[in-house]
Every structure is written in structure tokens, then in C-alpha cells.
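Structural overview
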Amino acid sequence: MASKGLPERLLKRWFPHTTTPFIANAPMFGFADCRLAGAVTTAGGLGFIGGGFDFGPESTQLANLDATLTKAHAELGSIASIQTLPIGIGFITFTPTGFEDHAVAILEKHRVAAVWLSFPKSDADHQPLIKAIHKVQSKSHWDVKIFVQVGTVQSAKVALEQGVDVLVVQGVDAGGHQWAQGASLMSLLPEVRDLVSKSARVDDVAILAAGGIVDGRGCVAALGLGADGIVMGTRFIATSECPAPLSMKESIIAATDGGVSTVKTTKHDVFQSTDVFPRQYDGRAIIGISYNEFESGASDEGIIQRYNEAREKGDDHRRTVWAGTGVGVIDKIVSVEELVRSIQQEAKLAVARAMEMI
Ligand SMILES: Cc1cc2nc3c(=O)[nH]c(=O)nc-3n(C[C@H](O)[C@H](O)[C@H](O)COP(=O)(O)O)c2cc1C
């Protein structure tokens, strides 16, 4: 089935304040806060806040989110319409209990423009969450779009059938958590684009690319592979607005040869005692002291103990620096506005260069 509409226009229609190419920051929990997301939206992108993974009645994550969104309304007043706050919220969904009862009301109250779901235990688990959002959406004329991050063609197929608006296609070059078994954007993205093109939803679903994109060249490559816009995580960590510690930003800047200086494994979570993700996921981070010790034969118990001792002393040399393979191209901390502008300019140059080669 041939597409009648231009997907770029779909994103522009849904998020009228955005400029092209469409850029969003990943909702990195603990790193994507109100300041970072607000700066991305103000620069013409779509800012996401990491909302967390605890949907219980006493969740401090949801209480913080509620307070953060109140602040976001005040800060983005000039571009926020009465109807919609131009900010998205991302959630990690492997323990979804309570989402419908406790998270949806906060999202609707603040009329956020987008909700991003990632890392379910089973793809089917997103169906009730999407249904719960749709139910409130139609009742209260809440103009919200649902993003689901997918790392395989099968997960994309399920999300498409569940009524998602945006597929965030995550390749294995990505920083942070991701599918343990997957492909890079180079092969995953065209296959997902074909899937959408052949589906009945061809004209109402947008595709974003995530994983290893850090500049305008990566952006153009992703658009060429079938994306309508991009998502970046690692690149946004090394911005002045990101609340990540300076040492984490410096590690990203210092790292080169990302395929060698980062590694994708469940061990990062084991070392920092956060090994709670379902087994189909692992995570990519910069190779640090703990991973080197593991490679040299040290036991997990010993590494965990040294990790905890260092943390108690306030020594962050063992901190996990979640980062994608694009680290080698990141060489300075910039403001979000500079980053968004430079990607837009570089993208034009990259297109011109490609045209010369064609
Ligand atoms: C520091 C960091 C934290 C992340 N946290 C989350 C998260 O909380 N939820 C989520 O859906 N994805 C998370 N991700 C993955 C991103 O959604 C995205 O797929 C990834 O950043 C894209 O690759 P890139 O880092 O090379 O740009 C995280 C990534 C990084 C680098």
C-alpha cells in the first residue's frame, strides 16, 4: 500500500512547535529532567522527561513527576497551548502494575503531548496501558501521542497492532538498555519501515530512529533508512543542561572508537545491583574498572563489593556510564540549543554531499 501523506508532516502536525529534522531526547530516567526536556522543546525538538518505573500508590517517582510537570507548565508557558504541554514522559514498563490507576491521571492532568513506553516483560503487556491512555484521551479531548520503543521487527509489529502512534526503532548501537539480541539501525530500520508501509496504518504512524546518532550525518543516514526523525540519548548527556555529573560527561567526551570502548552486556546492571530488567534486555555502557576486572576473572561478588565501597566513599570512578557507540564523535559539552542547530546545519551538508555521490 503506497503512502498518501508525508510522515514528516505527521510529526509537525502533532507537535506544531517542532522544526525539522525532528529531534527528540530519550527519556533517560535520572538524566532527562525538566530542564533538559524544556531546553529540547524550546530549541524546536520534543523534550522527554524520564518518568521512572514505579506506578504504585505511594510512588515517589510519580509524586516527583507531578511536581516536575507543574514546573514545566510554568517554564514553557510561552509555547505551551492551553490544551497541550509540549513535553513527553517516558516510562519503563516491566512492572506495569498501577500504571492505569496512578500514572495516567497525572499525565492527563498535565496534558502532556506524548507518552513513551519501553522495556515491557512481554510485548503484550503494553496493550492495557495503551488502552487506558486511549480511554482517558477520548473522554477528555487530550491530544496525546503514544510512543513505544522497539528493538526487533516482531516488537514493532506488536506495537503497530496495539495502536501506537510512533515507533521508536532502537538499534544495538544505542546507549543504555536495549534488546540483548537485535540489529543495528542499518538493517532494522528499513525492515520496520517496510512493515509499516505494508500495513493498514501506513499513513498514521511515524518512525523515529535511536541508537548511535550523535550528529547531522547520523540523522541524515537515519532519514535515508526510513525514519521520520531521530532520538538521541548519549549526545544529550554531554550537554550543559543535562543533570548528569561532570565526570560522566567527561567520560563520554574522552571515549573514542565506540565499538571497542563500550560494551553491551547485563554485567553493568549486575555490578551496580540493578539487575532487574527482564532477560531479553541488556545495556550498553563505557567499559570501566568493573568490567575490566570481570574480564580478568574477578568474581561478581568481589566487583559488587568494591563498587559499593567506592560509592559509599563518594568515589564515582566505578560509576556505570551508559553510552552508545557514537561516543567517539562527541568531543565537547554544548548547550541543547547549539546541538539542535548544529544537527540541522550538518544535516543539510550531509544531504548535499550524498547528492554529489548519487
Ligand atoms: C544514560 C542513558 C539512560 C537511558 N535511560 C533510558 C530510560 O530510562 N528509558 C528508556 O526508554 N530508554 C533509556 N535509554 C535508551 C534510550 O531510550 C535510547 O534508545 C538511546 O539513548 C539511543 O542511543 P544513543 O544513546 O546512542 O543516542 C537510556 C540511554 C542512555 C544513554
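Residues numbered from 1 in each chain as written. Predicted model: local features only at pLDDT ≥ 70, side-chain atom pairs only at ≥ 80, totals over all residues. Heavy atoms only, no water.

Named according to an unreviewed UniProt entry, the protein chain is Aldolase-type TIM barrel originating from Penicillium daleae.

**Re unusual backbone geometry**
For clarity, the cut-off: Strands here are runs of E lasting at least two residues and helices are runs of H or I lasting at least four, both read from the DSSP assignment and numbered beginning at the N terminus.
With an omega of -5°, the peptide bond between T20 and P21 qualifies as cis. Relative to the elements of secondary structure, P21 occurs in the loop between α1 (7-14) and β1 (22-25). Its identity is not glycine, yet H141 carries a phi of approximately 50°, on the positive side. Relative to the helices and strands, H141 is located in the loop between α5 (126-140) and β5 (145-150). Unusually for a residue other than glycine, S273 sits at a positive phi of about 55°. Note on placement: S273 falls in the loop between α12 (267-271) and β11 (281-286).

**Here we look at the pattern of salt bridges**
So the rule is basically this: The working definition used for a salt bridge is a side-chain nitrogen of Lys or Arg within 4 Å of a carboxyl oxygen of Asp or Glu. The buried label goes to any residue with under 20% of its type's maximum accessible area, the exposed label to any with over 50%, and the partly exposed label to all in between, with areas taken from a 1.4 Å probe on protein chains only.
Per the counting criterion, the structure on display carries 13 salt bridges. With a closest N to O distance of 2.9 Å, D282 and K264 form a salt bridge. Placement of D282 in strand β11 and of K264 in strand β10 (residues 262-265) is noted, with a sequence separation of 18 residues between them. With a shortest N-O distance of 2.7 Å, R318 and E293 are connected by a salt bridge. Placement of R318 in the loop between α14 (300-312) and α15 (336-357) and of E293 in helix α13 (residues 289-295) is noted, with a sequence separation of 25 residues between them. Among the residues examined, R318 registers a relative accessible area of 14% and is labelled buried. The buried category is assigned to E293, whose relative accessible area is 19%.

**Quick look at the sheet that holds strand β6 (residues 166-170)**
Convention followed: Strand pairing is assigned whenever DSSP detects at least two bridges linking the two strands. Only the stretch in contact is used when fitting a helix axis, every axis being a line fitted to C-alpha atoms; angles between N-to-C directions are given from 0 to 180 degrees. Between two residues, a contact is recorded if the distance between any of their heavy atoms is within 4.5 Å.
Here we have eight strands laid out as an open sheet, ordered β1-β9-β8-β6-β5-β4-β3-β2, and parallel in their pairing. Because the sheet does not close on itself, it has two edges, and the strands there are β1 and β2 (47-52). Each adjacent strand pair in this sheet contributes to an overall mean axis angle of 25°, direction not counted. Helix α2 (residues 34-42) contacts β1, β2 and β3 (85-92) of the sheet and is inclined by roughly 155° relative to β2.

**Looking at the domain arrangement of the protein chain**
To keep it simple, the criterion reads: Annotation comment: domain bounds sourced from an automatic or database domain assignment. Computed with a 1.4 Å rolling probe, the buried area is the accessible surface lost when two parts are put together, summed over both parts. Here a polar contact is taken to be a pair of N or O atoms separated by no more than 3.5 Å, where protein atoms must pair a possible hydrogen donor with a possible acceptor and residues adjacent in sequence count only if both atoms sit in side chains. Only Asp, Glu, Lys and Arg are considered charged, only Ala, Val, Leu, Ile, Met, Phe, Trp, Tyr, Cys and Pro nonpolar, and every remaining residue, Gly among them, polar.
When cut into domains, the protein chain gives domain 1 (10-243 + 331-357) and domain 2 (246-325). In this assembly, 27 residues from domain 1 lie in contact with 20 residues from domain 2. Each partner contributes to the roughly 2,000 Å² buried at the junction of domain 1 and domain 2, and carbon and sulfur atoms together form 65% of this total. Considering only the side of domain 1, the residues that lose the most area to domain 2 are F94, H177 and A180, jointly responsible for 26% of the buried surface there. Inspection of the domain 1/domain 2 interface yields zero salt bridges. Linking domain 1 with domain 2 are 15 residue pairs in polar contact (both at pLDDT 80 or more), by the criterion used here. Those elements that provide at least two residues to the side of domain 1 that touches domain 2 are β7 (176-179) and α9 (234-237). Taken together, the residues of the side of domain 1 that touches domain 2 break down into 13 nonpolar, ten polar and four charged.

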